[in-house]
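Observations on the three-dimensional arrangement
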Amino acid sequence: MNCKVHFYLLNDDFSVEHAEANHDGKESENNRLHEWEDELEITTAVTGIDIHEGVSFPLQGQFPDGKDFNFEITKMRLFELSGDQKTIIGCSESLFDSYEWLEGENFTLKVYLKDYEPLTNPIPGIYIAAQEFPKELMF
């Protein structure tokens, strides 16, 4: 089946009271529930999901000078999408708020991130808290 993944950065300033009193409980232009949304479409068939809490993620690549790097990012919440090809997405545990896994005609994964901590998105589908990002990779 097809799968879409949505990451939402929650707006810490969202007022439930204002939404309920003025907009039938819904967000409004001046009272947004999310700061932003990032959507990914998985292009290979997905058959299910496994969730791993408090695990490490290997962040690998090359420096501009061509030298390889490999850093172990600890305390991650990873979502392993199984199917034709294993796909890993996720975020630092300190950023994680909640998730929804919806099954129907297609799969949908919604991951909600807390907004009170700075974060980085070094590769699509991976969000790392700035305090946990390797200092060696900050230019």
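Treat the numbers as computed from the prediction; the structure is a model and nothing was measured.

For the rest of this paragraph, the subject is the overall build of the protein chain. In terms of helices and strands, the protein chain carries 1 helix and 9 strands. Start at the N end of the protein chain and walk to the C end: the helices and strands fall as β-α-β-β-β-β-β-β-β-β. Long-range pairs, those at least 24 residues apart, make up 56% of the contacts in the protein chain between residues at least 6 apart in sequence. On the protein chain, roughly 8,400 Å² of surface is accessible, and the fraction owed to carbon and sulfur atoms is 45%.

Taken as a whole and assessed by the stated rule, the structure comprises 9 aromatic pairs. Here the aromatic rings of Phe69 and Phe71 are separated by 5.7 Å at their centres, their planes lie at 35°, and the arrangement is tilted. Pairing Phe96 with Tyr99 gives two aromatic rings, centres 6.4 Å apart and planes at 40°, and the pair type is tilted. Given the relative accessible area of 34%, Tyr99 is considered partly exposed. Through pairs of rings, three or more aromatic residues link up here, namely Phe7, Trp36 and Tyr127. Here Arg77 stacks its cationic end above the ring of Phe96, 4.0 Å away from the centre of that ring.

Let us now look at the nonpolar core. Among the nonpolar cores identified, the biggest contains 20 residues, and Cys3, Val5, Phe7 and Leu113 are the most heavily contacted of them. Secondary structure elements with two or more residues in this core: strand S1 (3-10), strand S2 (34-42), strand S4 (68-83), strand S5 (87-92), strand S6 (96-103), strand S7 (107-113) and strand S9 (126-129). The residues touching Val5, leaving out its near neighbours within four places in the chain, are Asp38, Glu39, Leu40, Ile42, Leu81, Ile89 and Leu109. The next biggest cluster of nonpolar side chains, apart from the first, holds 12 residues, and it includes Leu59, Phe63, Leu78 and Ile126.

Scoring rules and cut-offs
- Residues numbered from 1 in each chain as written.
- Predicted model: local features only at pLDDT ≥ 70, side-chain atom pairs only at ≥ 80, totals over all residues.
- Heavy atoms only, no water.
- Helix = DSSP H or I, 4+ residues; strand = E, 2+ residues; numbered from the N terminus.
- Contact = heavy atoms within 4.5 Å.
- Areas by Shrake-Rupley, 256 points an atom, 1.4 Å probe, with all protein chains shown as cover.
- Phe/Tyr/Trp six-rings, centres within 6.5 Å; stacked < 30°, edge-to-face > 60°.
- Buried < 20%, exposed > 50% of the residue type's maximum accessible area, 1.4 Å probe, protein only.
- Lys NZ or Arg CZ within 6 Å of the ring centre and 35° of its normal.
- Core = buried A, V, L, I, M, F, W, Y, C linked by side-chain atoms within 4.5 Å.

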